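# A closer look at the structure
Chain residues, written in single-letter form:
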Amino acid sequence: MLLKDKKVLVGLTGGIACYKVPGLIRFLTKEGAAVRVMMTRAATKFITPLTLETVSNQPVAIEMFPESEFVSTRHIDLAEWPDLIVVAPATANFLGKVAGGISDDLLTTIICASPRPMLIAPAMNPQMWANAITQRNVGTLRQLGHFFADPGEGEMACEQYGVGRMAEPEQIYLAVKCLLLGKIEKRVLSGRKVVVTAGPTREPLDPVRYLSNYSTGKMGIALAQAAVLLGADTTIIYGPTGLMPPAGVRTVSI
């Protein structure tokens, strides 16, 4: 259990990609991590707190001042509890608020009060992701030392195609492992370009047969994920493998 004794606080904001988050939590808990969940009110419109309580085995925090609970300094307790905060999905609204220092709900207040590193997995319409203000906010958050599992390209719930799909749970989980086990704290490769090769190669013998090897690509994919978290402009060239390439990495399949 690679993440035994590690503590992860997962925050959800209001987007359809909320339905992917139980899968992420299952990846984390299977590796021994303790997971707590917090949601914005908008996130509860897309997935129920009960679902997240079931997969995390912990109560879900939503309101800053719930009437039926003793809260006191709960936001400070939650801010100091985790080793890592993961926000998935992160909306354009959330990015703008955190970049601007706004703390108007439980999630943003906890982030403002927390000294812990944060991994952000944005999810939104392609035009919203490409918006200059959104990109400015992302740049601000990167400069402040926060990490990103960048969105992927594909068809959106709005039936548009482009960059904005939240990274898959397996990709976010890989980034979490890199951050927690690799103790990545600074973007020391910012401005650098990194190319990683991974996976098996194939040399054709004839139209049916080929020579190959048993490479899984795991090491190369882990290196590429670490490089992008450290701020590098990263490309991975990978052969036939069943593994998913990391989020935020330019991919070339061979």
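Below is a short write-up of the structure. Keep in mind that this is a model prediction, so the values were computed, not measured. (Residues numbered from 1 in each chain as written. Predicted model: local features only at pLDDT ≥ 70, side-chain atom pairs only at ≥ 80, totals over all residues. Heavy atoms only, no water.)

## Brief notes about the sheet that holds strand β9 (residues 193-198)
How we decide: Should DSSP find at least two bridges between two strands, the strands are taken to pair. We count a stretch as a helix when DSSP gives it H or I for four or more residues in a row; a strand needs E for two or more, and each element gets its number in order from the N terminus. All axes here are fitted lines through C-alpha atoms, helices being fitted over the stretch that makes contact, and every angle between N-to-C directions spans 0 to 180 degrees. Whether two residues are in contact is decided by their heavy atoms: any pair within 4.5 Å suffices.
Read across the sheet, 3 strands follow the order β9-β12-β13 without closing on themselves; strand pairing throughout is parallel. Both edges of this open sheet fall to β9 and β13 (250-253), since each of them pairs with a single strand only. Neighbour to neighbour, the strand axes of the sheet diverge by 15° on average, direction disregarded. With 4 bridges connecting them, strand β12 (residues 233-238) and β13 associate as parallel partners. Along β13, the bridge assignment pairs Y238 with S253. Contacts from helix α9 (residues 218-229) reach β9 and β12 within the one sheet, and its direction differs from that of β9 by about 165°.

## A few points about the packing of aromatic side chains
For clarity, the threshold we go by: What counts as a ring pair is set by centres within 6.5 Å for rings of Phe, Tyr and Trp (its six-membered ring), and what kind of pair is set by the plane angle: stacked under 30 degrees, edge-to-face over 60, tilted for all other angles. The rule is short: NZ of Lys or CZ of Arg within 6 Å of the ring centre and within 35 degrees of the ring normal puts a charge over the ring.
Inspection of every chain in the model, using the stated rule, returns 1 aromatic pair. Taking the ring centre of W81 as reference, the NZ or CZ of R36 above it sits at 4.4 Å.

## Regarding a nonpolar patch on the surface
The criterion, for reference: Here, patches come from residues exposed beyond 30% relative accessible area and free of salt bridges, joined within 9 Å for like charges and within 5 Å for nonpolar side chains (Val, Leu, Ile, Met, Phe, Trp, Tyr). Only the protein chains shown count as cover for residues, with accessible areas throughout obtained via the Shrake-Rupley method and a probe of 1.4 Å. When a carboxyl oxygen of Asp or Glu lies within 4 Å of a side-chain nitrogen of Lys or Arg, that pair is called a salt bridge. Burial status follows relative accessibility: with a 1.4 Å probe on protein chains alone, a residue under 20% of its type maximum counts as buried, one over 50% as exposed, and anything between as partly exposed.
Where nonpolar side chains cluster on the molecular surface, the patch consists of I16, Y19 and F46 and spans about 340 Å² of accessible area. One can find F46 in the loop between β2 (34-39) and α2 (49-56). Given the relative accessible area of 40%, F46 is considered partly exposed.

## Overview of the pattern of salt bridges
All told, the structure shown has 8 salt bridges when counted by the stated rule. A salt bridge links E168 to K20; the shortest N-O distance between them is 3.0 Å. Of the two residues, E168 sits in the loop between β8 (161-165) and α8 (169-182) while K20 sits in the loop between β1 (7-12) and α1 (21-30), which places them 148 residues apart along the sequence. Between D206 and R209 there is a salt bridge whose closest N-O contact spans 2.7 Å. Residue classification places R209 among the exposed positions, given a relative accessible area of 53%.

## Examining the nonpolar core
Quick reminder of the rule: Among buried residues, those of type Ala, Val, Leu, Ile, Met, Phe, Trp, Tyr and Cys that are joined through side-chain atoms within 4.5 Å constitute a nonpolar core.
Of all hydrophobic cores here, the largest spans 51 residues; its most connected members are L12, L28, L119 and I172. With 8 residues, α8 is the largest single contributor of residues to this core. Setting aside anything within four residues of it in sequence, one finds L28 in contact with L3, V8, V10, A33, V35, Y173 and V176. Counting residues in hydrophobic clusters, the runner-up holds 24 residues, among them M38, A79, I110 and I111.

## Quick notes on the side chain of H146
Considering the arrangement of structural elements, one finds H146 in the loop between α7 (132-143) and β6 (147-148). When near neighbours in sequence (up to four residues on either side) are disregarded, H146 contacts M118, I120, L141 and R187.

## Some thoughts on the side chain of T134
Turning to its location among the elements, T134 is positioned in helix α7. Its relative accessible area of 7% is what places T134 among the buried residues. Those residues within four positions of T134 in sequence are excluded, and the remaining contacts are A92, L95, M124, M128 and W129.

## Here we look at the environment of P240
Within the secondary structure, P240 is located in the loop between β12 and β13. Relative accessible area serves as the criterion here: at 33%, P240 is assigned to the partly exposed category. Note: C-alpha distance between P240 and W81 (159 residues apart in sequence) is 41 Å. Dropping the residues within four chain positions of it, P240 is found in contact with P200, R202 and I254.

## What about the packing of helix α4 (residues 92-99) against α7?
Stated formally: Every angle not falling under 35 degrees, over 145, or within 65 to 115 is termed oblique; those three ranges are roughly parallel, roughly antiparallel and roughly perpendicular. Take the far helix as the reference: if the near one is turned anticlockwise from it by less than a right angle, the crossing is left-handed, and if turned clockwise, right-handed.
In the contact formed by α4 and α7, the axes pass within 9 Å of each other and the chain directions differ by 50°. As judged from the angle between their axes, α4 and α7 are oblique. The way α4 lies across α7 gives a crossing that is left-handed. Contacts between α4 and α7 involve A92, L95, G96, V98 and A99 from the former and T134, N137, V138, T140 and L141 from the latter.

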